[in-house]
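# Breakdown of the fold
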Amino acid sequence: MAIDVILGLQWGDEGKGKIVDYLAPSYDVVARFQGGPNAGHTLKFDGKKFVLHTVPSGIFRPGLINLVGNGVVIDPITLAAEIRELEKAGVDYKKRLLLARKAHLILPTHRYLDAASESAKGKAKIGSTLKGIGPTYMDKTGRNGLRVGDISRGNFKERYQALKEKHLSLLEIYPPTSFALEEEEQKWMESLEVLRQLQQVDGEYYINHALRESKRILAEGAQGSMLDIDYGTYPFVTSSNTITAGVCIGLGVSPGKIGEVIGISKAYCTRVGSGPFPTEQDNAVGERLRTEGGEFGATTGRPRRCGWLDLPQLQYTIMLNGVTQLAITKVDVLNAFEQIEVATAYRIDGQTTQELPYDICDQLIAPAYEAHPGWQQSLDGVTAYEDLPGAAREYLTAVEKALGVPITMVSTGPERQKLIVKERGAAGA
Ligand code: GDP
Ligand code: IMO
Ligand code: MG
C-alpha cells in the first residue's frame, strides 16, 4: 500500500481540513507530518463547526486512527484544549489519537521568543501566528529540543529547566516584555498530564507496519507549499517542509511509498501574514473576495489578503509536490462575480516568464491576466460536475488545462457534503 497525501498548493487555508474530513472514511489512518498549532483546519458537518490545530482531521470519523507524526511540533496547552473540545463533543478519541514519540514540544518560552523576535523585526516581521513554531524548530535543528518521548524520562524536569533558562537568557537580547511565565508553566505541566494519557508510538515503525498490513494511510499537510521553509517565499515562510517530501521526513517513510498526491487550491488566492503575493488585489476586488469567502484566519482571526488565482505559482507548487489530482475549493465564493481573472504569466523587467524569480520578495512582478466570464448563480444543490453552470466548467477546464493535472474534486461550500467528486478522489474513495 502507498500513502496518499493531501496538501495546500498556495499560502495555506486552502480547505485541507474539509477535504481530509470528507475523504477520511476511505482510510484507516490519517497522519499529520509537519507544522503545529499555527495550523487551523476547519470542519463543518451536522450543523457543527470545529477548528483543529494539532489533531488530524480524521478524528470525527469513527474507528479511524489519527497520528500526530514525528515532524509535528506540539504545544501541550493547545493540544489539551483541543482534546477538551473533543470530549465536549462526545468524540471517542482515546484509542484513536496517537502521538509520535519523536515529535518536538513547544515550551511557553518558545512562544515568548517567537513574539520577541517578531516585534524586533518591526516592519520586516513575518506575520507569524506567534505559536512558537520557529523557535521550536530552531531548537530541533540546534539539537536542544525536548520530545514527546522525553516526558516520561526521569530527567525531564531538569531538561525542561535547562532549556527554559537558555530561552530566558536569549530573551535578554530583546527589549524587555512582560509575560506570565509561572502561570503558563503551570498550565503547561498540567497539560503534559493530558499528553501522558494518550498513546505514544514510534511513529516510523507504526506507519511502516501499517503499510505492511495494507492499511490505507492519508498524510494531512498543514500550511501551504508557498510557506515551505526551502521553496516558499523565504523569509516569509513557516519553519517546516510543507511539500510532499516533508511526508517522508515527518512520518519516516521512503519516497517510493508515496501514492496519490492531492493538491488543494482555492478558486482564487489568499495569504495571511507578510510577504510577496503577486496577484494580491489590495482593492475593492480583494475586499469582495474577503467578504464573500469569509477570509479571516482560523487560528488568529486576522483578515486574509485576497487576490486572483496565480497559474505560474500553482505550476511551481505542482512541480515541487508531484501532484496527481487537484481539489479546487471555495468555487462558490466566485458565484456573484461578473468576471474572474487568472494570472497566466509574469512580466518581470520587461520579460514574460512563467517561472518564479529567485528574489520574489524584492522583484516587481506584474502578472498578466486572462479574464473568464462569471456564472452569477448559486451552486447550491449541484452534486455532479456536469451540472455546474457552463461558465464554471469553462473556468475549471481552463485551469485544469493550464496546470496539466486533473481536477477530481470541486468544493462548493464549507459543509462536508458540499463537494463534487468528479472521479475517484483517492484509493478506495
Ligand atoms: P485549512 O487550513 O486548509 O484547513 O483551511 P481553513 O479551515 O483555515 O480555511 C478554509 C475556510 O474556508 C474555512 O472557514 C472552511 O470552513 C471554508 N471552506 C472550505 N471549503 C469551502 C468551500 O468550498 N466554500 C466555502 N464558501 N467555504 C469553504
Ligand atoms: P493552515 O494549516 C495560513 C503563516 C503565518 C505567517 C507565516 C509564519 O491552517 O493552512 P508561523 O506561525 O509558522 O511562524 O508563521 O506562515 N502561516 C499560515 N498561513 N495557514 C496556515 O496554516 C499557516 N501557518 C502559518 O501567517 O505568515
Ligand atoms: Mg487554516
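Quick look at the structure, then.

Reading the values: the criteria
Residues numbered from 1 in each chain as written. Chains lettered and ligands numbered in written order. Predicted model: local features only at pLDDT ≥ 70, side-chain atom pairs only at ≥ 80, totals over all residues. Heavy atoms only, no water. Helix = DSSP H or I, 4+ residues; strand = E, 2+ residues; numbered from the N terminus. Near = heavy atom within 4 Å. Polar contact = N/O pair within 3.5 Å; in protein donor to acceptor, adjacent residues only side chain to side chain. Areas by Shrake-Rupley, 256 points an atom, 1.4 Å probe, with all protein chains shown as cover. Donors = N, O, S within 2.8 Å, 3.2 Å for Na, K, Ca; no water. Buried < 20%, exposed > 50% of the residue type's maximum accessible area, 1.4 Å probe, protein only. Pairing = 2+ DSSP bridges. 1 Å grid on protein atoms, 1.4 Å probe; cavity = no way out; pocket = protein on both sides within 12 Å on 5 of 7 lines; lining within 4 Å. Sits in = over half its atoms within 2 Å of the grid points.

### Describing unusual backbone geometry
For the peptide bond that leads from Y234 to P235, omega is 5 degrees, which places it in the cis range. By the element assignment, P235 lies in the loop between strand 10 (217-220) and helix 8 (245-251). Even without a glycine there, the phi angle at R143 is positive, about 65 degrees. Among the secondary structure elements, R143 is positioned in the loop between helix 4 (133-141) and helix 5 (156-171). The phi dihedral of D349 falls on the positive side, at around 50 degrees, and the residue is not glycine. Positionally, D349 belongs in the loop between strand 16 (339-348) and strand 17 (351-353).

### A short note on the site of ligand 2
Within the structure, ligand 2 sits among 20 residues, and D13, K16, H41, T129 and T238 are positioned closest to it. Within the backbone of G40, an N or O atom sits 2.9 Å from an oxygen atom of ligand 2. G127 places a polar main-chain atom, nitrogen or oxygen, 3.3 Å from an oxygen atom of ligand 2. Here ligand 2 has 550 Å² of accessible area as a free molecule, and 97% of this is covered by the chains.

### Concerning the coordination of the magnesium ion (ligand 3)
The magnesium ion (ligand 3) binds to the protein through D13 (OD) and G40 (O), with metal-donor distances spanning 2.1 to 2.2 Å. With D13 in the loop between strand 1 (3-8) and helix 1 (16-23) and G40 in the loop between strand 2 (29-32) and strand 3 (41-45), the pair connects residues that are 27 residues apart, well separated along the chain. By relative accessible area, G40 is classed as buried at 11%.

### Examining the pairing of strand 16
Taken together, the 2 bridges between strand 14 (residues 309-310) and strand 16 define a ladder with parallel strand orientation. Counted as the bridge partner of L309 is V342 from strand 16. One ladder, built from 8 bridges, connects strand 16 with strand 18 (residues 366-373); its direction is antiparallel. By the bridge assignment for strand 18, A343 is matched with Y369. Of the pairings in the sheet, the one linking strand 16 to strand 17 comprises 3 bridges and is antiparallel in character.

### Section: the site of ligand 1
G15, K16, T42, D332 and S411 are the nearest of the 18 residues found near ligand 1. Taking D13, its side chain carries an N or O atom lying 2.9 Å from an oxygen atom of ligand 1. Backbone polar atom of G15 to an oxygen atom of ligand 1: 2.8 Å apart, as the coordinates give it. In this structure, ligand 1 is accommodated by the second largest pocket. Contributing elements (two or more residues each) for the shell around ligand 1: helix 1 and strand 3.

### Section: the pairing of strand 1
Most of strand 1 sits out of view: 6 of its 6 residues are buried. Side chains I3, V5 and L7 of strand 1 all project onto a buried face; the interleaved residues D4, I6 and G8 project onto the opposite face, where all are buried too. Note that strand 1 and strand 11 (residues 258-266) share 5 bridges and pair parallel. Bridging across to strand 11, V5 finds its partner in V261. Pairing geometry for strand 1 and strand 10, over 4 bridges, is parallel. Note on strand 10: the bridge partner recorded for D4 is L218.

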